[in-house]
Amino acid sequence: MSFLITSRRAGLILLFACLAGAAAAQSPDAAAPGGDTPAGAWTAPRTPWGDPDLQGLWTNRTTTPLQRPAHLAHRETLTDIEAAIVDEEVTSRNDRAPAPGNPGTYNQFWWEMGSTVSGNRTSLIVDPPDGRVPPLTPKAVEAILASRAGRGPADSWEDRTLFERCITRGLPGAMIPGFYNHNYQIVQTPGQVAILIEMIHDVRIIPVDGRPHLHPAIRQWMGDSRGRWEGDTLVVETTNFSPKSRSHGFFESAGTLRLVERFTRVAPDTIDYRFTVDDPETYTRPWTAVIPMHRTDERIFEFACHEGNESIPGILGGHRAAEAEAEKEKVKP
Amino acid sequence: MRLSRAVFVPVLLAVLGAEAGAQSPSYRAPRTADGKPSLDGIWQAINTANWDLEPHAARPGPLVPLGAAGAVPAGQGVVKGGEIPYQPWALAKRQEHRQNWLALDPEVRCYLPGVPRATYMPFPFRIIQGADTIIVAYEYASAVRTIAMTGAGDPPADAWMGWSQGRWEGETLVVDVRGFTDRTWFDRAGNFHSEALRVVERYTRTGPDAIQYEATIEDPKVFTRPWTIVMPLYRRLEPDVQLLEFKCVEFVEELMYGHLKKGAPR
């Protein structure tokens, strides 16, 4: 796979900043704790035709996990020193030798993890207050169990995630930082906002012209997005998700998801990005994450994923070889 | 008077070039906010270039059950002068590709189509024209490339969709694309290139709903000289038209990995 890193140097500079001292570990969006717009001074720029201007290259890399780790269950934030320690730990563990039997993965050269988000939050999820994805509904649990009953981990490619298959990370998945290539480029024209997503390569072209959603017969992995401006904020509502999204791992959705995203430029180099997952068929309550996006000055590279996907044939082939081996063992006297 | 071929060919090219440039000399495209000709919109080629860039008669397709639905339509070709100027070894290689189309064409495996093929695949694409960056988003395989209008620099690595530097020449967007892999084809007829490929594209609005598209293809490892394709691109005029998903990976997994499924015949 072409896992190209665009911002590694910037990542290292951030890392050094963190190691240099807790005071230096402040994220660039420190002026906007929790992502709130600071009072006064800042006036968001506008495009020549008068829309809020979100254009540019952005990255959302961070060491802050989507969900609050169990050992921090009662901690919404870290101290600056704790945050610096977490950042160092997350980056150094990538260079440790893998456990025996584990083929290992990319080392820190390939990963770019950034640092803890502003306000030292312990999770990107801010609602529910425990920082965790809420429990699935009984109906969703049943459907997931039924779809996986009697299946091994790699009977077919369909047992692997959409991400491993190089199809997409879907939504909101594609807007959540991963381990590398979490870069985005926003280009606006009158009536539309385009968000180029580096990872796996997706372009979200969001009409901001009041047109209706696609016919419900058209279901897509990335859904169908419509935008509107609310003051300085781009509000994007996405529906028409594929019902097959059920099978792709963490973000279980029965195609009933209604995703609402909000993009607000809160500083020259920061977009406050937040999304709310509203899917009563799947989750027992809606949930919201806040993920700052920071300006980067490096161009987006091609992410040719499927073209070099050795993972799927490797994983399936490995399982088939293991099964053949087990078969041989059985017939031995 | 007898013209030698060496004189005749450049004269012919000059005449053809003048004709192409003379399509609608008076048309002035609407402007973007920064005063450039606007190419913004959803466009699509209507021709059979993806079947074969060169002139070709209709022929049956390779899959009997598809019948007429799978047959190949005829086309007058899009190459200026008709034929692609292959070096002899490369012409032989093209013929090999042609014999083994289904096994070898990267399109069959849902691979990124490269440039210029992405332009004339049977799918729409959208030009999103920012001032510093133009995004070209193709429906096929969610393929995409960005055209940097300032300072793209040298290609940092080989890429399926290349590395694009744009500039304006009057009414025309000129895009210099380099940094290709050798793994894309030009069409389903086996036409190909090496990693030395360089493509110079020219996009010129010729009316409210049309772009004249030209691409000059240079690859000294494969061709005897640069050659040019030319075709109109048409605006998709349906109300509320938008690019839809054609994430074809899931349509090729059985083809590519079927033999590795549990219980598959081995």
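Residues numbered from 1 in each chain as written. Chains lettered and ligands numbered in written order. Predicted model: local features only at pLDDT ≥ 70, side-chain atom pairs only at ≥ 80, totals over all residues. Heavy atoms only, no water.

Peer 1: An account of the overall build of chain B is needed here, citing residue identities and associated values.
Peer 2: Within chain B, the regular secondary structure consists of 5 helices and 9 strands. Scaling as 2.2 N^0.38, a compact globule of 266 residues should have a C-alpha radius of gyration of about 18 Å, and chain B matches this with 20 Å. Across its three principal directions, the C-alpha atoms of chain B cover 65 × 55 × 40 Å. Buried positions account for 52% of the 266 residues belonging to chain B. For chain B, contacts bridging at least 24 residues in sequence account for 58% of all contacts bridging at least 6. Looking at chain B as shown, the accessible area adds up to about 12400 Å², and 56% of this sits on carbon and sulfur atoms. (Helix = DSSP H or I, 4+ residues; strand = E, 2+ residues; numbered from the N terminus. Rg over C-alpha atoms; globule rule 2.2 N^0.38 Å. Buried < 20%, exposed > 50% of the residue type's maximum accessible area, 1.4 Å probe, protein only. Contact = heavy atoms within 4.5 Å. Areas by Shrake-Rupley, 256 points an atom, 1.4 Å probe, with all protein chains shown as cover.)

Peer 1: So what's going on with the overall build of chain A? Residues and values would help.
Peer 2: The number of helices and strands found in chain A is 4 helices and 10 strands. Along its sequence from the N terminus, chain A presents helices and strands in the succession α-β-α-β-α-β-β-β-β-β-β-β-β-α. The buried share of chain A, reckoned over its 333 residues, is 51%. Taking as baseline every contact in chain A between residues at least 6 positions apart, the subset at least 24 positions apart corresponds to 65%.

Peer 1: Give me the lowdown on the pattern of salt bridges, citing residues and values where you can.
Peer 2: What the rule picks out here adds up to 39 salt bridges over all chains. The residue A:Asp272 makes a salt bridge to A:Arg274 at a minimum N-O spacing of 2.9 Å. Ionic pairing is found between B:Glu201 and B:Arg145, a salt bridge with its closest N-O pair at 2.8 Å. A residue pair is termed long-range when its members are at least 10 positions apart, and B:Glu201 in strand 7 (residues 198-207) and B:Arg145 in strand 4 (residues 144-148) qualify at 56 residues. Residue classification places B:Glu201 among the buried residues on the basis of a relative accessible area of 0%. Overlapping salt bridges bring together A:Arg228, A:Glu230, A:Glu237, A:Arg258, A:Arg262 and A:Asp278 as one network. (Salt bridge = Lys/Arg side-chain N within 4 Å of Asp/Glu carboxyl O.)

Peer 1: Give me the lowdown on empty space enclosed by the protein, citing residues and values where you can.
Peer 2: Per the stated rule, a full pass over the model turns up 8 cavities of 30 Å³ or more. Empty space within the largest cavity amounts to approximately 260 Å³. Residue lining of the largest cavity: 22 residues in total, with A:Ile300, A:Phe301, A:Glu302, B:Val144 and B:Gly162 positioned closest to the centre. The element best represented in the lining of the largest cavity is strand 4 of chain B, accounting for 3 residues. (1 Å grid on protein atoms, 1.4 Å probe; cavity = no way out; pocket = protein on both sides within 12 Å on 5 of 7 lines; lining within 4 Å. Points joined across faces, edges and corners; volume = space filled by probe spheres on them.)

Peer 1: Explain the state of the cysteines to me, and be specific about the residues and the numbers.
Peer 2: Residues and elements named next belong to chain A. Here the structure, examined in full by the defined rule, presents 2 disulfides over all chains. The partner cysteine of Cys166 in its disulfide is Cys305, sulfur to sulfur 2.0 Å. Since a negative S-S torsion denotes a left-handed disulfide, the Cys166-Cys305 link at about -70° is left-handed. Taken together, the positions of Cys166 in the loop between helix 3 (138-148) and strand 3 (183-189) and Cys305 in the loop between strand 10 (287-295) and helix 4 (311-331) put the pair 139 residues apart, joining distant regions of the chain. Per residue, the accessibility class of Cys166 equals that of Cys305, and both read buried. (Disulfide = S-S within 2.5 Å.)

Peer 1: Quick one: what's the story with the nonpolar core, residue by residue and with numbers?
Peer 2: Ranked by size, the top nonpolar core spans 67 residues in total, and within it B:Leu53, B:Trp227, B:Ile229, B:Met231 and B:Leu233 carry the most contacts. In this view, B:Leu233 contacts B:Trp43, B:Gln44, B:Ala45, B:Thr119, B:Phe125, B:Tyr203, B:Asp209, B:Ala210, B:Ile211 and B:Tyr213; residues no more than four positions away in its chain are not counted. Counting residues in each nonpolar core, the second largest holds 34 residues, with A:Ile176, A:Ile206, A:Val236 and A:Tyr273 among its members. (Core = buried A, V, L, I, M, F, W, Y, C linked by side-chain atoms within 4.5 Å.)

Peer 1: Outline the confidence of the model for chain B, supporting the account with residue identities and numerical values.
Peer 2: Residues and elements named next belong to chain B. For chain B, mean pLDDT is 92; residues scoring 70 or higher make up 90% of the total. Segment residues 1-22: pLDDT under 50, and 6 contacts once partners within four positions in sequence are set aside and those in other chains are kept. Here the predicted complex scores 0.88 on pTM and 0.89 on ipTM. (pLDDT = per-residue confidence, 0-100.)

Peer 1: Quick rundown of the packing of aromatic side chains? Include the residues and the values.
Peer 2: Under the defined criterion, the tally for this structure stands at 19 aromatic pairs over all chains. When the centroid spacing of 5.9 Å and the interplanar angle of 75° are considered together, the rings of A:Phe301 and B:Trp163 count as edge-to-face. Remark: B:Trp163 occurs in strand 5 (residues 163-169) and A:Phe301 occurs in the loop between strand 10 and helix 4; the pair is interchain, linking two chains. The exposure class assigned to A:Phe301 is partly exposed, which follows from its relative accessible area of 22%. Owing to a relative accessible area of 11%, B:Trp163 belongs among the buried residues under this scheme. Three or more aromatic residues joined by ring pairs make a cluster, and in this case those are B:Tyr86, B:Trp89, B:Phe186, B:Phe192, B:Phe223 and B:Trp227. Directly above the aromatic system of B:Trp163 lies the positively charged group of A:Arg299, at a separation of 4.0 Å from the ring centroid. (Phe/Tyr/Trp six-rings, centres within 6.5 Å; stacked < 30°, edge-to-face > 60°. Lys NZ or Arg CZ within 6 Å of the ring centre and 35° of its normal.)

Peer 1: Tell me about the sheet that holds strand 6 (residues 172-178) of chain B, and name the residues and values.
Peer 2: Residue and element names in this part refer to chain B. Pairing is mixed around the closed barrel formed by 9 strands, whose spatial order is 1-2-3-4-5-6-7-8-9. This sheet shows a mean twist of 30° between the axes of neighbouring strands, independent of strand direction. Judged from the 9 bridges that link them, strand 7 and strand 8 (residues 210-218) form a sheet pairing that is antiparallel. Of the residues in strand 8, the one forming a bridge with Glu201 is Ala215. (Pairing = 2+ DSSP bridges. Axes fitted to C-alpha atoms, helices over the stretch in contact; angles between N-to-C directions.)

Peer 1: Tell me about helix 5 (residues 249-257) of chain B, residues and numbers included.
Peer 2: Residues and elements named next belong to chain B. For helix 5, the full list of buried residues reads Val249, Val252, Glu253, Met256 and Tyr257. One side of helix 5 holds all its buried residues, which, seen down the axis, span an arc of 130°. Looking at helix 5, the residues exposed on the side facing more than 90 degrees away from the buried face are Phe251 and Leu255. (Arc of directions from axis to C-beta.)

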